[in-house]
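Coordinates in review
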Amino acid sequence: MTREAYLALCQEIIEHDRRYYVDATPTIADIEYDRLMVQVRAVEVDHPDWVVGWPLAMSADGRTVACRLTHLKTGRSCVGLDGRRGEEFDLVGAPALSPDGGTLAYRAQEGVASFVVVGVRRGPAVAQMIDPAVSEDGRTVAYAAARGGPWHLVVGDRESPLPEKPFSVFVGPDGRSVGTVILEPGAGRTAHVRVDGIRGEAYTLVGRPTFSPDGRSFAYAADDGYDQYVVIGRRRIPAAGRI
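Let me begin by describing the structure that accompanies this report. (Residues numbered from 1 in each chain as written. Predicted model: local features only at pLDDT ≥ 70, side-chain atom pairs only at ≥ 80, totals over all residues. Heavy atoms only, no water.)

1. Concerning the sheet that holds strand 2 (residues 65-70)
- Taken in spatial order, the four strands of this open sheet run 1-2-3-4, and their pairing is antiparallel. What marks the edges here is a single partner per strand, and that holds for strand 1 (56-58) and strand 4 (84-85).
- Across three bridges, the pairing between strand 1 and strand 2 is antiparallel. Counted as the bridge partner of Leu-56 is Cys-67 from strand 2. (Pairing = 2+ DSSP bridges. Helix = DSSP H or I, 4+ residues; strand = E, 2+ residues; numbered from the N terminus.)

Structure (structure tokens):
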């Protein structure tokens, strides 16, 4: 894929974000949106210098909005919260916001160091990291990071090793369960979900996982070639048609 095609794909995704978050009139299904995201993330793995930050997060009541802002002259970035600009960095990632709007977290980079920012507080410096996720109660922030060696899953102040670099991180409503989506390397890339250290089955594509309100179960849509499934925990249910 050329850089121009990558940027066009990013613009398409941003437009879908606007229709979903701002207009509340989405025009594609979640699984179709996930297919676009997998395409763009796969390109970003091979071309990290092309990466465009995903700019918007909103509270459940729509009263609090966090967005990525870039200074046109300096090229430095920050996260704005309800129109108030935060600290500027060389780069910032996609903001994550709890449903009540009380907890804001995002990835930032200054020079060669990356770190998580929660509110106005910086976390420890690492070589690489994946955008953070915030639990629904706002008490747990989770992300993946590497300090130049193996990847680790960071949940609050706790760290646990990861066998691979994750594609994304997601967290249960109360923060007790945390999962990752892994995009496996190679020409015929596949993806799998890992929750609380347990690896799920590999699929051609997996959608964004979601937890049940009590945090005890999780589910996601998955493609296996031409077959589609709804996966609930370790059980998969055939889906009659596109999800």
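2. Notes on the environment of Arg-158
- With respect to the helices and strands, the residue Arg-158 is situated in strand 14 (residues 158-161).
- On the basis of relative accessible area, Arg-158 is assigned to the exposed category, the value being 57%. (Buried < 20%, exposed > 50% of the residue type's maximum accessible area, 1.4 Å probe, protein only.)

3. Observations concerning the side chain of Ser-177
- Here Ser-177 shows up in the loop between strand 15 (168-171) and strand 16 (178-183).
- Overall, the relative accessible area of 12% leaves Ser-177 in the buried class.
- For Ser-177, the side chain forms a polar contact with the side chain of Asp-196, separated by 2.9 Å.
- Those residues within four positions of Ser-177 in sequence are excluded, and the remaining contacts are Val-171, Gly-172, Asp-196, Phe-211 and Gly-215. (Polar contact = N/O pair within 3.5 Å; in protein donor to acceptor, adjacent residues only side chain to side chain. Contact = heavy atoms within 4.5 Å.)

4. Some thoughts on a negative patch on the surface
- Together, Asp-61, Asp-100, Glu-136 and Asp-137 make up a region of like negative charge exposed at the surface.
- Here Asp-61 shows up in the loop between strand 1 and strand 2. (Patch = residues over 30% accessible without salt bridge, like charges linked within 9 Å, V, L, I, M, F, W, Y side chains within 5 Å. Areas by Shrake-Rupley, 256 points an atom, 1.4 Å probe, with all protein chains shown as cover. Salt bridge = Lys/Arg side-chain N within 4 Å of Asp/Glu carboxyl O. Lys, Arg positive; Asp, Glu negative; His and termini not counted. Charge placed at Lys NZ, Arg CZ, Asp CG, Glu CD.)

5. Quick look at empty space enclosed by the protein
- On inspection of all chains with the given rule, the structure shows two cavities of 30 Å³ or more.
- Of the volumes computed, that of the largest cavity is approximately 120 Å³.
- Sorting the residues of the lining of the largest cavity by element identifies helix 1 (3-22) and helix 2 (30-46) as the ones contributing at least two each.
- Examining the composition of the lining of the largest cavity, we find that five residues originate from one element, helix 1, more than from any other.
- Taken as a whole, the second largest cavity encloses approximately 40 Å³ of empty space.
- What lines the second largest cavity is Pro-124, Val-126, Tyr-143, Ala-145, Arg-147, His-152, Val-154 and Glu-159. (1 Å grid on protein atoms, 1.4 Å probe; cavity = no way out; pocket = protein on both sides within 12 Å on 5 of 7 lines; lining within 4 Å. Points joined across faces, edges and corners; volume = space filled by probe spheres on them.)

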